[in-house]
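# Summary of structural features
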Amino acid sequence: MGSSSRLFNRQRTVHEIFGGGFVADVILWRQMNITIGVLLAALSSWVVFERSGYTLLSLVSSVLLLLAVILFLWAKSAAILNRPPPPFTTDIALGKDTKLFLKVAAYLSLISVVGVLTDFLTLGYASLLIVLTIPALYERYEDYLDRYAEMVFKKSQQLYLKFDAECTGRVQKWILERQKLS
């Protein structure tokens, strides 16, 4: 197929548009084992999250909240027991700023609640599925799809010209009638 008959008159192949490297090979299924591995990993993580009722955002915020509580309690208990504090330099981890700790805990709890209401993992999985199927299918059936898209484009141009001619004619008549009445 000549480059002038490609969709949008593009000069590059689909592989070149995606960068022509390893990522393009994965997206276009040229590295089939890796593509299948990515799909299976994404599918399995999505199934685990869906079955557990957790979302990615709520899990991450809950883990961070648990980590902050552990570090805060470690720092407080280390001061009481004359032990070394946690090996971090932040005030929250060292237990020096209780107000800041409570703010961080409240925000992480809020993020966890909001995370239950939104499901970014499903959106991410659906996006990955689209990215790994549409370009590969387009590359495989590029000639057919380009011809079909060109045919649809020409037909829509014809319909637009017909619609425009009819509407413009009616509007011009309406304006002339309006001017005659004035």
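Residues numbered from 1 in each chain as written. Predicted model: local features only at pLDDT ≥ 70, side-chain atom pairs only at ≥ 80, totals over all residues. Heavy atoms only, no water.

### Overview of the UniProt feature "transmembrane region" (unreviewed entry) in the protein
Our working definition: UniProt positions are given in the numbering used here, feature names are shortened, and annotations may be inferred rather than shown by experiment. Numbering of helices and strands runs from the N terminus; a helix is a DSSP stretch of H or I covering at least four residues, while a strand is a stretch of E covering at least two.
The feature "transmembrane region" (unreviewed entry), as given by UniProt, occupies residues 28–49, 56–75 and 105–138 in the numbering adopted here. Helix makes up 82% of residues 28–49 and strand 0%, and the two end C-alpha atoms of the span are 27 Å apart. Summarising residues 56–75: 100% helix, 0% strand, and an end-to-end C-alpha distance of 29 Å.

### Let's talk about the confidence of the model for the protein
Note the cut-off: pLDDT expresses how confident the predictor is about each individual residue, on a scale running from 0 to 100.
This prediction gives the protein a mean pLDDT of 83; 93% of its residues lie at or above 70. Confidence, expressed as mean pLDDT per element, reaches its minimum in the protein at helix α5 (residues 91–94) with 63 and its maximum at helix α2 (residues 22–27) with 92.

### Re the pattern of salt bridges
Quick note on the threshold: Should a side-chain nitrogen of Lys or Arg be within 4 Å of a carboxyl oxygen of Asp or Glu, the pair is scored as a salt bridge. For the exposure calls, accessible area comes from a 1.4 Å probe over protein chains only, and a residue counts as buried if that area is under 20% of its type's maximum, exposed if over 50%, partly exposed in between.
If you walk through the whole model with that rule in mind, you get 2 salt bridges. A salt bridge links E139 to R30, with the shortest nitrogen-to-oxygen separation between them at 2.5 Å. Of this pair, E139 sits in helix α7 (residues 120–140) while R30 sits in the loop between α2 and α3 (32–52), and the two are 109 residues apart along the sequence. Residue R30 is classed as partly exposed on the basis of its relative accessible area, which comes to 45%. K154 is paired through a salt bridge with E150; the nearest N and O atoms lie 3.4 Å apart. A residue pair is termed a helical-turn pair when its members lie 3 or 4 positions apart in one helix, as K154 and E150 do in helix α8 (residues 142–181) at 4 residues. Residue K154 is classed as partly exposed on the basis of its relative accessible area, which comes to 46%.

### Thoughts on a nonpolar patch on the surface
Under the convention used in this document: Patch membership requires more than 30% relative accessible area and the absence of a salt bridge. Residues of like charge join within 9 Å; the nonpolar side chains Val, Leu, Ile, Met, Phe, Trp and Tyr join within 5 Å. Here the accessible surface of atoms and residues is derived via Shrake-Rupley with a 1.4 Å probe, and residues count as covered only by protein chains that are part of the display.
Residues L137, Y141, Y144, L145, Y148, M151 and V152 make up a contiguous nonpolar surface patch of about 710 Å² in total accessible area. Here the nonpolar patch takes 5 residues from α8, the largest share from any one element.

### Digging into the packing of aromatic side chains
Spelled out, the test is: Paired rings are identified among Phe, Tyr and Trp, the last through its six-membered ring, by centres lying within 6.5 Å, and are further divided according to the angle between planes into stacked (under 30 degrees), edge-to-face (over 60) and tilted (the rest).
With the rule as written, the count across this model stands at 3 aromatic pairs. Consider the rings of F72 and F101, whose centres lie 4.0 Å apart with planes at 5 degrees: the pair is stacked. With F72 in helix α4 (residues 56–80) and F101 in helix α6 (residues 98–117), the pair connects residues that are 29 residues apart, well separated along the chain. F101 gets classed as buried once you look at its relative accessible area, which sits at 9%. Each ring, one from Y144 and one from Y148, has its centre 6.5 Å from the other, and the planes form 15 degrees; the classification is stacked.

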